[in-house]
Amino acid sequence: MSYANMDGVPTQTAGTSELLASDWNTYVRDNFDSIKFGHIVCTSSTRPTGIAEGTMIYETDTDRLAQYNGSAWVTQNALVVVKAETAFSAVSSLTADSVFSSTYTNYRMIIRFTTSTADLGMQFRASGTDTTSGYNYQQLRGQDATASAARSASQSSAIIADSTSGSFISLCSVDISGPNLAEPTLFSSLNGKSAGAYTSPSVVNFGGNQSGSTQFDGIKLLVSSGTMTGSYTIYGRPIVTGK
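Residues numbered from 1 in each chain as written. Predicted model: local features only at pLDDT ≥ 70, side-chain atom pairs only at ≥ 80, totals over all residues. Heavy atoms only, no water.

**Brief notes about the overall build of the protein**
Thought 1: Check the secondary structure of the protein and you find one helix and 20 strands.
Thought 2: Excluding contacts between residues fewer than 6 apart, the proportion of contacts in the protein whose partners are at least 24 apart in sequence is 62%.
Thought 3: Per element, the accessible surface of the protein, about 12,600 Å² overall, is 51% carbon and sulfur. (Helix = DSSP H or I, 4+ residues; strand = E, 2+ residues; numbered from the N terminus. Contact = heavy atoms within 4.5 Å. Areas by Shrake-Rupley, 256 points an atom, 1.4 Å probe, with all protein chains shown as cover.)

Laid out in structure tokens, this is it:
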């Protein structure tokens, strides 16, 4: 009989003062690839059983961490990269396909960019085809002590960030909900920019939807005139579960 520490790896066999070679081979050597960096590597269908509360696992089929709370597995709400940071330079548009799927309901896109002339827009895509109708959004703008608002409906694309007025770098974070569901896709964008100088920051919030029921798998970034330069990353947001 073997005494076990956390993760079920024995430290000593009863009646002996040393770890037996058979214990090492059975529990450590043969399972070394499954016990790494303080967590167990497995899949969502091969989670370990009979383990201690607090045990962490990494699922290779879902790319997510989970922790055992004593009665159920609780997945960790960390963003998962679905489109690695990608640079673009002096282009009028770019596309990213096969980034939305049934794996995640919600996504986040981070864009660091400049535009030469126009505002930054987006369109959703399905099977390599742009959707060019049904975009509706509200914008709220704050600059110094001045605030303003405006609404646009039935547009061919959605504006998610202001023009950068040339060389002033802007940041845009876009949350997208349900792009791969057969229902309207919702989005909210927060844009931090400089109004002609880095000493004159302003913020613009865009929120809206694409009102159709297409199950999108891709996205397009575009400007109506001029070009854009920068980089973007897209993440999936796992659902926190207790199962």
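**A short note on the nonpolar core**
A general tendency of soluble globular proteins is for nonpolar side chains to be buried together.
Thought 1: Counting residues in hydrophobic clusters, the biggest one holds 35 residues, and the most contacted among them are I111, L120, M122, V174, I219 and L221.
Thought 2: Setting aside anything within four residues of it in sequence, one finds I219 in contact with L94, T95, A96, F100, M109, M122, Q123, F124, R125, I176 and I234.
Thought 3: I40, I57, A66 and Y68 belong to the second largest nonpolar core, which has seven residues in total. (Core = buried A, V, L, I, M, F, W, Y, C linked by side-chain atoms within 4.5 Å. Buried < 20%, exposed > 50% of the residue type's maximum accessible area, 1.4 Å probe, protein only.)

**Some details on the side chain of T233**
Thought 1: Along the polypeptide, T233 turns up in strand β20 (residues 228-237).
Thought 2: Once residues within four sequence positions are removed from consideration, T233 is found in contact with V81, K83, A84, E85, R108, M109 and I110.

**Let's talk about the pairing of strand β6 (residues 64-68)**
Thought 1: By the alternation rule, side chains of β6 split into R64, A66 and Y68, which are all buried, and L65 and Q67, of which none is buried.
Thought 2: Note: strand β5 (residues 56-59) against β6, four bridges, orientation antiparallel. Within β6, the position partnered with M56 by the bridge is Q67.
Thought 3: What sits between β5 and β6 in their antiparallel hairpin is a turn of four residues, with D63 showing a positive phi close to 55°.
Thought 4: Summarising the sheet, β6 and strand β7 (residues 73-75) pair through three bridges and their orientation is antiparallel. The residue of β7 that forms the bridge with Q67 is V74. (Pairing = 2+ DSSP bridges.)

**Examining unusual backbone geometry**
Most peptide bonds are trans, and most residues other than glycine sit at a negative phi.
Thought 1: Despite not being glycine, A90 shows a phi value in the positive range, around 50°.
Thought 2: Although it is not a glycine, D144 sits at a positive phi angle of roughly 55°.
Thought 3: Its location among the elements puts D144 in the loop between β13 (135-143) and β14 (146-155).

**Observations concerning the pairing of strand β19 (residues 218-223)**
Within a regular strand, side chains alternate between the sheet's two faces.
Thought 1: Along β19, six of the six residues are buried, which leaves the element largely enclosed by surrounding structure.
Thought 2: The two faces of β19 match: G218, K220 and L222 on one face and I219, L221 and V223 on the other face are all buried.
Thought 3: Sheet topology places strand β9 (residues 93-96) next to β19; four bridges connect them, and they run antiparallel. Residue pairing for β19: S93 is matched across the bridge by L222.

**Describing the confidence of the model for the protein**
Thought 1: Chain-level pLDDT for the protein is 87 on average; 82% of the residues reach the 70-or-more range.
Thought 2: Taken together, the stretch residues 6-10 has pLDDT below 50 and engages in 15 contacts with residues farther than four places along the chain or on a different chain. (pLDDT = per-residue confidence, 0-100.)

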